[in-house]
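Fold and contact review
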Amino acid sequence: MVALAGSVLAVGSMNAQETPHQRDSLMSLNKNAIQQIAPGQGHAAGQSGFWGYAFGDYAYMAKGDSAGRGTKQQYKGLGANSAAIKTPNAFEIRRAYLGYDYNINKHFSAYALLAYEGDEDVSDNRTVYLKYIYLKWKNIWKNSNLRIGQQATNSFASDYNTEPLMGYRASEKTIMDMHGMDGSSDMGLELDGRLWTHMGGDTSKVPTFIGYSAMVGDNSGNNPVPAFTGTASSLAAVPSTSSLTINPINNTTDNAKKFRGQLYVNCLNNTLTVGAYADYINYGDEGFHDLNGKSSSILQQAVMTQKVYAVYNSKWFGVGGELVMQSMKNGEIEAYKVVKGVSTGTNDTTTAEQMGFSVFAHGTIIQNTLNVFARYDMYTPDTKYAFNANETFTSFMSNVSSSGNGNSYKETFMNFGLDWTPTKDKKVHIMPNVWYYGIKNGYGADNLESSNYMLYRVTFLFAFN
């Protein structure tokens, strides 16, 4: 949940007085992803210690899509099992973090984070995994820091990006995260800092600072790269007949790297942030199978993402939005070409493309006690063709193709509620909210009727450090 609007401004003012990026991005996740619940707390540079937080809900599903559609959003399994589960409702923890920050000396510090996010072991017990572990080289040169290891990506989870600026992560992921356009963490190198900082004078008319972040990673998420660390059966080489997602995990030799870049401007006395993000990964030239399952041409597949965003946070309210588009070169197989009603028996590839936008806002009803928040997303899984039943772009390695009839469908997400903080330290939040996910025109050529998910929830969040 997002911090109260006042604390957003307080944190922004505090950051302006600190050394550039004095607070590590991991600690920014701590204070931002939990809606600014404890501005000024946590373990800043020069200190070591444990910290953590958790959030979950009591959720009641009033309606669910019986086909179990939707992309990566939660609750889809309940919709698919609606015949067996008449009134789905439960108490559940959706995330629990336990982190440790260690200051080695004035130049280096280390960070580790264990996370539970719905994973289970072989006995169906909740289990944790290593989400972050990395070394930070502080001020490797003036106003810039270098990180190496498993860390937050700069696509949405980094400092001055949409997740910390929007807040209310306890309610739902950002649009990029929700639809799997990039992972929240990756193994690699990241350099971030400030290109320019306003020194003295009135900052209400000029930018406070201009920041940047550049990262190169394996694009393997939280998974180790197979063969480099031993057996990793979950990441075995993808068979030639399988379907890949828009961001497929690299094969055994990890022959492709993902390049990510973020540039942003912070201005109006730390209340407005405007930024842009882009990433690119080239998987190289490989063979694909045509619609008959026969080997065909050798074609390149590459994925590119582009995002722009702007967020304004003041003492009494905040508002923002982001627009994102992702394309996969040669990521989709066109249906057979038809000439005068007769199939030519040939097919072609085209660039697959998904896009969406998200707008969000929050306002203060009672300072430091009660907020209201709302969000609306519109998402198109495939802007050119119908979507296949696997709900992923049809890749060059798949025998399944979209129909090519132009019957693309839309997904709509809405979430709104109240945010009550019963304690002055803001480490506890109780948030009654409504969660809605609508699907229009279903699977395109499958012609399933439009449907939606409707849940009534009481979300809770608490932090400790």
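Residues numbered from 1 in each chain as written. Predicted model: local features only at pLDDT ≥ 70, side-chain atom pairs only at ≥ 80, totals over all residues. Heavy atoms only, no water.

**A closer look at the overall build of the protein chain**
We apply this condition: The way it works is that DSSP assigns letters per residue, a run of H or I at least four long becomes a helix, a run of E at least two long becomes a strand, and they are numbered from the N terminus. To sort residues, take the accessible area from a 1.4 Å probe on protein chains only and compare it with the maximum for the residue type: under 20% means buried, over 50% means exposed, and anything in between is partly exposed. It only takes one pair of heavy atoms within 4.5 Å for two residues to be counted as in contact.
In terms of regular secondary structure, the protein chain is built from 5 helices and 18 strands. Per-residue burial over the protein chain gives 51% buried out of 465 residues. When contacts within the protein chain are restricted to residue pairs at least 6 apart in sequence, long-range pairs at least 24 apart make up 67% of them.

**So, the environment of Ser184**
Tracing the chain through its elements places Ser184 in the loop between helix H5 (175-178) and strand E6 (185-197). Separated by 38 residues in the primary sequence, Ser184 and Asn222 have C-alpha atoms spaced 9.0 Å apart. Not counting residues up to four positions away in its chain, the partners in contact with Ser184 are Lys131, Tyr132, Gln151, Ala152, Thr153, Phe156 and Ala157.

**Observations regarding the pattern of salt bridges**
Under the convention used in this document: A pair is scored as a salt bridge if a Lys or Arg side-chain nitrogen falls within 4 Å of a carboxyl oxygen belonging to Asp or Glu.
Across all of its chains, the model carries 15 salt bridges by this definition. For the salt bridge of Asp182 with Arg260, the shortest nitrogen-to-oxygen distance reads 2.9 Å. Linking Asp182 in the loop between H5 and E6 with Arg260 in strand E8 (residues 258-267), this pair joins segments that are 78 residues apart in sequence. Like Arg260, Asp182 is buried. Here Glu322 ties to Lys307 by a salt bridge, and the two come within 3.6 Å at their closest N and O atoms. Taken as a pair, Glu322 in strand E11 (residues 317-333) and Lys307 in strand E10 (residues 295-313) lie far apart in primary sequence, 15 residues in all. Lys307 shares its class with Glu322; the two are buried. Several salt bridges converge on common partners, so that one network encompasses Asp182, Asp186, Lys258, Arg260 and Asp279.

**Notes on the packing of aromatic side chains**
The geometry of an aromatic ring pair is captured by two quantities: the separation of the ring centres and the angle between the planes. Here is the rule we go by: Note on aromatic contacts: the rings of Phe and Tyr and the six-membered ring of Trp form a pair at centre separations within 6.5 Å, being stacked when their planes are under 30 degrees apart, edge-to-face when over 60 apart, and tilted otherwise.
Across all of its chains, the model carries 17 aromatic pairs by this definition. Taking the centre distance of 4.3 Å and the plane angle of 25° together, the rings of Tyr168 and Phe373 count as stacked. Residue Tyr168 is located in the loop between helix H4 (162-166) and H5, and its partner Phe373 is located in strand E15 (residues 370-380); the two are separated by 205 residues in the primary sequence. Just as Tyr168 is buried, Phe373 falls in that class too.

**A look at the environment of Asp425**
Within the element layout of this structure, Asp425 appears in the loop between strand E16 (410-420) and strand E17 (428-440). The class for Asp425 is partly exposed, based on a relative accessible area of 37%.

**Describing the side chain of Ser155**
Here is the rule we go by: We call two N or O atoms a polar contact when they sit within 3.5 Å, provided that within protein one can donate a hydrogen and the other can accept it, with sequence-adjacent residues counted only if both atoms are side-chain atoms.
Note that Ser155 resides in the loop between strand E5 (144-152) and H4. Judged by its relative accessible area of 0%, Ser155 is buried. Reaching out from Ser155, the side chain makes a polar contact with the side chain of Thr153 at a distance of 3.1 Å. Looking at Ser155, its side chain comes within polar contact range of the side chain of Asp182, at 2.8 Å. Apart from residues no more than four positions distant in its own chain, Ser155 is found in contact with Asn161, Met176, Asp182, Gly183, Tyr277 and Lys307.

**Remarks on the confidence of the model for the protein chain**
Definition in use: The predictor's confidence in any single residue is recorded as pLDDT, a number from 0 to 100.
Summing up the model confidence of the protein chain, the mean pLDDT is 75 and the portion of residues at 70 or higher is 67%. Taken as a whole, residues 1-46 scores under 50 in pLDDT and shows 147 contacts with residues more than four places along the chain or in a different chain. Low pLDDT, under 50, characterises residues 232-253; the stretch is placed with 64 contacts to residues that sit more than four places away or in other chains.

**Comments concerning a nonpolar patch on the surface**
This is how it is decided: Patch definition: residues with relative accessible area over 30% and no salt bridge; like charges joined within 9 Å; nonpolar side chains (Val, Leu, Ile, Met, Phe, Trp, Tyr) joined within 5 Å. The Shrake-Rupley method, run with a 1.4 Å probe, gives the accessible areas here. Residue values count only the displayed protein chains as cover.
A cluster of nonpolar side chains, contributed by Phe50, Leu98, Leu114, Val128, Leu130, Ile133, Trp420, Val428, Ile430, Val458, Phe462 and Phe464, occupies part of the molecular surface with about 1000 Å² of accessible area. Every element with two or more residues in the nonpolar patch is listed here: strand E4 (129-141), E17 and strand E18 (451-464). Broken down by element, the nonpolar patch gets its largest block of residues, 3 residues, from E18. Looking at the element boundaries, Leu98 is found in strand E2 (residues 89-103).

**Some thoughts on a negative patch on the surface**
Using the following cut-off: In this tally, Asp and Glu contribute negative charge and Lys and Arg positive charge; neither His nor the terminal groups of the chain are included. Lys charges are placed at NZ, Arg charges at CZ, Asp charges at CG and Glu charges at CD.
Taken together, the side chains of Asp119, Glu120, Asp121 and Asp124 present a region of like negative charge at the surface. Note on placement: Asp119 falls in the loop between strand E3 (108-116) and E4. For Asp119, a relative accessible area of 33% puts it in the partly exposed group.

**A look at the pairing of E15**
Rules: Two strands are said to pair when DSSP picks up at least two bridges between them.
Of the strand pairs in this sheet, strand E14 (residues 349-366) and E15 are connected by 11 bridges, and their pairing is antiparallel. Residue Phe357 lies in a different strand from E15, and its bridge partner there is Met378. What sits between the antiparallel neighbours E14 and E15 is a turn of 3 residues, in which Asn368 has the positive phi angle 65°. Sheet topology places E15 next to E16; 10 bridges connect them, and they run antiparallel.

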